[in-house]
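# A closer look at the structure
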Amino acid sequence: MAEPGGPRRQSLPFLLLYALAAAGGAIAYVPFLTIWLPGRMTQLAGAADVQMLGYVTFFGAIAASLGGIGFGWLSDRTGNRRGWVLTGLALTVALLLAVPLAQDIWRLVAIIVAWQLALNMMLGPLAAWAGDSVPDAQKGLLGGLLAFSPALGAWSGALVTWPGLVPIEARLLVIAALVAVAVLPVLLLGRPRAFADLTAPPPQRAAGESAPRPTGPAVRMWLARLLVQIAEAALFAYLYFWFRSIDPDMHDSEKAGLFSIALTLAVPIALLSGRWADRHDRPFRPLVVSAAVSGLGMVGMALAAIPDAAKASYLLFGIATTVFLSLHASQTLRILPRSDRRGRDLGIFNLTNTVPSLIMPWLTISLVPGFGFDALFLLLAGLTGVAVLLLATMPRTR
């Protein structure tokens, strides 16, 4: 228990174990969705692989949206975050191992839909657990630590695609084992300090008083993340095909390695930015800067005429977007004060992660065949510019 009047700080061991568990989610989906799935899609669908990947992404995003809200709400109702995380972990691992059993497109879609539900059974309650445990004064640090999640996801992708290291047929087995190793420690060893105000029920409303509506900062944060996530989702799903269009001879390990470099460089930047935000009590300033740099990276990708320039622009985009999303995830907890609805509300915020996957395939299918990836990147840069304006004009909120 935190002592009354004492320092309001969560223990560093718990924060580190929590960050490792959050990284387990990225380890589950980054190598699978960016490397394994597109390759398998090409095997099953041939020349229609880009279009079919769009359909798989679409149905998977619907499942993730429903799972995030539903399982977050259930963890609120039961008050048992750990139990839901553990069950989701077990199902996520089992379904990863079942994916190779799909020998046609629609069976693959069915398994991925079930896998997305299981993954969000794990991740939804896990996100709410941070809101239950981390005070505002450490939310910048938490965001910096969360930058390890995509980095570890990318490192796992580089590991399983390293030539000669892991046989192709064993890749999903290795990924499933890594997910379990990442998530189990916080469930077995995590002992967070309790802060009564973070889990206190909201004040009782008077008879006839309506429930409070979403605040302006919450709406702005939701919209800003949605716009940035549309860009991130497009690159996440189609990075494999974009690099193939730039350099057809690029090996899978090189794609995964470039992805890893961007996410690795983002870690120290996010940590420094998060600590700066905590020390100066400016939680949203790093979000404005990182979103602006992300937009510049996409403009560079659209205008790049040679592979090296395209890769450098992608690195700028990847670093800035990772910093933005990591810090945004932690600062969102600051503006969702109702502990009894934290899991559900974070599930609604999780729509900013999943709704882009419903929008992005149709944008890509509409633009890329006729106008190329350049037109898509310029459109996405414009959307990110709107996110910058939303955050830059937001009033300071504790």
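Residues numbered from 1 in each chain as written. Predicted model: local features only at pLDDT ≥ 70, side-chain atom pairs only at ≥ 80, totals over all residues. Heavy atoms only, no water.

## What to know about the overall build of the protein chain
In terms of regular secondary structure, the protein chain is built from 14 helices and 0 strands. The helix and strand sequence of the protein chain, counted from the amino end, reads α-α-α-α-α-α-α-α-α-α-α-α-α-α. Expected size for 398 residues packed as a compact globule is a radius of gyration near 21 Å; at 20 Å, the protein chain falls within 12% of this value. The principal-axis extents of the C-alpha atoms in the protein chain amount to approximately 60 × 45 × 40 Å. When each of the 398 residues of the protein chain is scored for burial, the buried share is 54%. Of all intrachain contacts in the protein chain linking residues separated by at least 6 positions in sequence, the fraction that spans at least 24 positions is 85%. (Helix = DSSP H or I, 4+ residues; strand = E, 2+ residues; numbered from the N terminus. Rg over C-alpha atoms; globule rule 2.2 N^0.38 Å. Buried < 20%, exposed > 50% of the residue type's maximum accessible area, 1.4 Å probe, protein only. Contact = heavy atoms within 4.5 Å.)

## Topic: the packing of aromatic side chains
Overall, the coordinates contain 5 aromatic pairs when judged by the stated rule. Both rings, one in Phe14 and one in Trp129, keep their centres 5.4 Å apart while their planes meet at 70°; by these two values the pair is edge-to-face. Here Phe14 is found in helix 1 (residues 12-45), whereas its partner Trp129 is found in helix 4 (residues 105-133), with 115 residues between them in sequence. Side by side, Phe14 and Trp129 carry an identical accessibility label, which is buried. Taking the centre distance of 5.9 Å and the plane angle of 45° together, the rings of Phe71 and Trp84 count as tilted. With Phe71 in helix 2 (residues 49-78) and Trp84 in helix 3 (residues 81-98), this residue pair connects regions lying 13 residues apart in the sequence. (Phe/Tyr/Trp six-rings, centres within 6.5 Å; stacked < 30°, edge-to-face > 60°.)

## A word on the environment of Leu316
Examined against the element boundaries, Leu316 turns out to sit in helix 12 (residues 307-332). The partly exposed category is assigned to Leu316, whose relative accessible area is 40%. C-alpha of Leu316 to C-alpha of Thr42: the two residues are 274 residues apart in sequence and 29 Å apart in space. Leu316 has contacts with Val293, Leu296 and Gly297, leaving out every residue within four places of it along the chain.

## Concerning helix 12
End to end, helix 12 covers 37 Å across 26 residues, agreeing with the expected 38 Å (1.5 Å per residue, within 8%). Counting buried positions along helix 12 gives 19 out of 26 residues, so the element sits mostly inside the fold. (Expected span 1.5 Å × (residues − 1).)

## Let's talk about the side chain of Thr352
Relative to the assigned elements, Thr352 resides in helix 14 (residues 351-392). Within polar-contact distance, the side chain of Thr352 engages the side chain of Arg225 at 3.5 Å. Those residues in contact with Thr352 that sit more than four places away from it in its chain are Trp222, Arg225, Leu226 and Gln229. (Polar contact = N/O pair within 3.5 Å; in protein donor to acceptor, adjacent residues only side chain to side chain.)

## Considering the pattern of salt bridges
The tally for this structure, following the rule as stated, stands at 8 salt bridges. Across the salt bridge formed by Asp132 and Arg81, the nearest N and O atoms sit 2.8 Å from each other. Remark: Arg81 occurs in helix 3 and Asp132 occurs in helix 4; sequence separation between them is 51 residues. Ionic pairing is found between Asp132 and Arg342, a salt bridge with its closest N-O pair at 2.6 Å. Of this pair, Asp132 sits in helix 4 while Arg342 sits in helix 13 (residues 342-349); the two residues are 210 residues apart in sequence, bridging distant segments of the chain. A relative accessible area of 14% places Asp132 in the buried class. Judged by relative accessible area, Arg342 falls into the buried class, the value being 4%. Through salt bridges with shared partners, one network takes in Asp76, Arg81, Asp132 and Arg342. (Salt bridge = Lys/Arg side-chain N within 4 Å of Asp/Glu carboxyl O.)

## Some thoughts on the nonpolar core
Formed by 113 residues in total, the largest nonpolar core has its most connected members in Phe32, Leu37, Trp115, Trp242 and Tyr314. If you tally residues by element for this core, the top one is helix 9 (residues 216-246), at 17 residues. (Core = buried A, V, L, I, M, F, W, Y, C linked by side-chain atoms within 4.5 Å.)

## Digging into the confidence of the model for the protein chain
Low pLDDT means the predicted coordinates in that region are not meant to be read closely. Summary statistics for the protein chain give a mean pLDDT of 84 and a share of 91% for residues scoring 70 or more. Within the model, the stretch residues 1-6 combines pLDDT values under 50 with 3 contacts to residues more than four positions away or in other chains. (pLDDT = per-residue confidence, 0-100.)

## What to know about the packing of helix 6 (residues 148-161) against helix 7 (residues 171-189)
Where helix 6 meets helix 7, the closest approach of the two axes is 10 Å, and the angle between their N-to-C directions is 145°. Viewed along their axes, helix 6 and helix 7 form a crossing whose handedness is right-handed. Only Arg171, Val174, Ile175 and Leu178 of helix 7 make contact with helix 6, whose side of the interface consists of Ser156, Leu159, Val160 and Thr161. In the contact of helix 6 with helix 7, the residues fall into 5 nonpolar, 2 polar and 1 charged. (Axes fitted to C-alpha atoms, helices over the stretch in contact; angles between N-to-C directions. Left-handed = near helix turned anticlockwise from the far one by under 90°. Nonpolar A, V, L, I, M, F, W, Y, C, P; charged D, E, K, R; others polar.)

## What to know about the packing of helix 3 against helix 4
Across the interface, helix 3 lies against helix 4 with an axial gap of 8 Å and an inter-helix angle of 150°. Considered as vectors, helix 3 and helix 4 are oriented roughly antiparallel to each other. As helix 3 packs across helix 4, the resulting crossing turns out to be left-handed. Residues Arg81, Arg82, Trp84, Val85, Thr87, Gly88, Leu89, Leu91, Thr92, Leu95, Leu96 and Ala98 of helix 3 form the contact with helix 4, whose own contacting residues are Ile111, Ala114, Trp115, Ala118, Leu119, Met121, Met122, Pro125, Leu126, Ala128, Trp129 and Asp132. A class-by-class count of the residues in the contact of helix 3 with helix 4 yields 18 nonpolar, 3 polar and 3 charged. (Parallel < 35°, antiparallel > 145°, perpendicular 65-115°, else oblique.)

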